Structures are given as C-alpha cells and as structure tokens.
Amino acid sequence: MLGSFPPQRKRWSMDFFYPNLQNDMWRIVGWVFFGDKARFLDPSGRRFDRDRIAAFCASKGIALYDTAVKVIRLKDNASDNFLQVVREVDLAALLARIPACRAIVTTGQKATDTLRAVAGCGEPPVGGSVEFRYAGRTMRLYRMPSSSRAYPRPVEWKAGFYRAMFAETVGI
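Residues numbered from 1 in each chain as written. Predicted model: local features only at pLDDT ≥ 70, side-chain atom pairs only at ≥ 80, totals over all residues. Heavy atoms only, no water.

Engineer: Where do I start with the side chain of S146 in this structure?
Structural biologist: With respect to the secondary-structure elements, S146 resides in the loop between β7 (137-144) and α5 (155-169). Among the polar contacts listed, one links the side chain of S146 to the backbone nitrogen of S148, at a separation of 3.0 Å. Beyond its immediate sequence surroundings of up to four residues, S146 is in contact with T107, G108, Y151 and K158. (Helix = DSSP H or I, 4+ residues; strand = E, 2+ residues; numbered from the N terminus. Polar contact = N/O pair within 3.5 Å; in protein donor to acceptor, adjacent residues only side chain to side chain. Contact = heavy atoms within 4.5 Å.)

Engineer: Help me understand the pairing of strand β5 (residues 103-107) in this model?
Structural biologist: The side chains of a regular strand alternate, first on one face of the sheet and then on the other. Judged by how many residues are buried, β5 sits mostly within the fold: 4 of 5 residues are covered. Across 5 bridges, the pairing between β5 and β7 is parallel. Note on β7: the bridge partner recorded for V105 is Y142. (Buried < 20%, exposed > 50% of the residue type's maximum accessible area, 1.4 Å probe, protein only. Pairing = 2+ DSSP bridges.)

Engineer: Help me out: how do you make sense of the environment of E156 in this one?
Structural biologist: With respect to the helices, strands and loops of the structure, E156 is situated in helix α5. By relative accessible area, which is 35% here, E156 ends up partly exposed. Taking the C-alpha atoms as reference, E156 lies 9.0 Å from K37; in sequence the two are 119 residues apart. The residues contacting E156, other than those within four sequence positions of it, are W31 and K37.

Engineer: Sorry if this is basic, but what is going on with the packing of aromatic side chains here?
Structural biologist: Throughout the structure, instances matching the rule amount to 11 aromatic pairs. Relative to W26, the ring of Y18 lies with its centre 6.1 Å away and its plane at 80°, an arrangement referred to as edge-to-face. Residue classification places Y18 among the buried residues on the basis of a relative accessible area of 12%. With relative accessibility at 2%, the residue W26 sits in the buried group. Three or more aromatic residues joined by ring pairs form one cluster here, namely F16, F17, Y18, W26, F33, F34, F40, F56, Y162 and F166. Over the aromatic face of F34 sits the side chain of R39, whose NZ or CZ is 3.8 Å from the ring centroid. Residue placement shows R153 over the ring face of W157; its charged tip is 4.2 Å from the ring centre. (Phe/Tyr/Trp six-rings, centres within 6.5 Å; stacked < 30°, edge-to-face > 60°. Lys NZ or Arg CZ within 6 Å of the ring centre and 35° of its normal.)

Engineer: Whenever I open this one, the state of the cysteines confuses me. Can you help?
Structural biologist: Throughout this description, disulfide means a covalent bond between two cysteine sulfur atoms. Evaluated as defined, the whole model comprises 0 disulfides. No disulfide involves C101; its nearest neighbouring cysteine sulfur is the one of C121, lying 13 Å away. Classification of C101 by relative accessible area gives buried; the value is 16%. (Disulfide = S-S within 2.5 Å.)

Here it is as structure tokens:
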C-alpha cells in the first residue's frame, strides 16, 4: 500500500504509516477484518497501537510505504492539495526488495497520480484496478478512496472498497 506522504510529525499518534489519529486508515482496516473500527486504537483511544498494526500487517503480507520520499508542503497542513512531490519513490528498488509483490494499492488521488507517473500505467477508477507491466513483472494497481477525513465519507462506505481489494489481494 502506497500513500502520498505522512503529515507533519506534530500530528502523529505513532511512529508508523497513517499515524494521524484523524486519518481513518486503521479504522477502515479494523472494520474490514474485525468489524471493529476501534480495533487498532490503544486503550486510551488517543493513539493507534503501532505494535498491533505492524503485527497484523506482517501476518497478512501487507507492506506500506509512500509514493514520495521528498516533498514540499506549500501550506502548513497535511492536505495533498498543497503537497509538491520533489522526489518519487524508487519503485524498481522497492519492488526488488519484495519479489512476490504483484499488487500495489494507492490510497488517494495524489498517491495514485504519483505512482502512475513512476510506473507509466493507466488510471483505475476509485475502488477499481488496472493491470500493468513494470520491472519485468505483471502488476495490478488498485486505487482506493482516501482514508483522510478531508474526504468526507463514512468509514463503512470507504471500507466497502477496501474489503473488495483485500479479498482479491490478501484474502479475508
């Protein structure tokens, strides 16, 4: 799964991917796999539980990274609309480290646009996928709705798209 770029550190509730408590990624994953939006919150409800999330991802073979490794924030917020990508991920090097990878999931439009620029592939519809060739292998790109609350849809609505993708990629 490739997102755009983490928010400013002051917004982090943990040192891991999708760290902002206002981001719904771990609520979506909790709902999809366990029917529990709070599954990955610590007992206080004010932080995500990094260890539980990392263990879950490892158990399912879910790898996480960003589509950009260097950005400029044009405004003092986490919005992708004001994020200028300076350097994209070295996708070939990343995929070389995970040779069994056959699917990439982007989580929002900025991540999708950035990945497509690197991979030279078509654009899937939200919730859909396209097949493409890259670095000597056939891949599938899934384009999921943003897990940001700036994308104002309920967790359950977003989870419907993620459920279908996870069913195809890691099994539910």
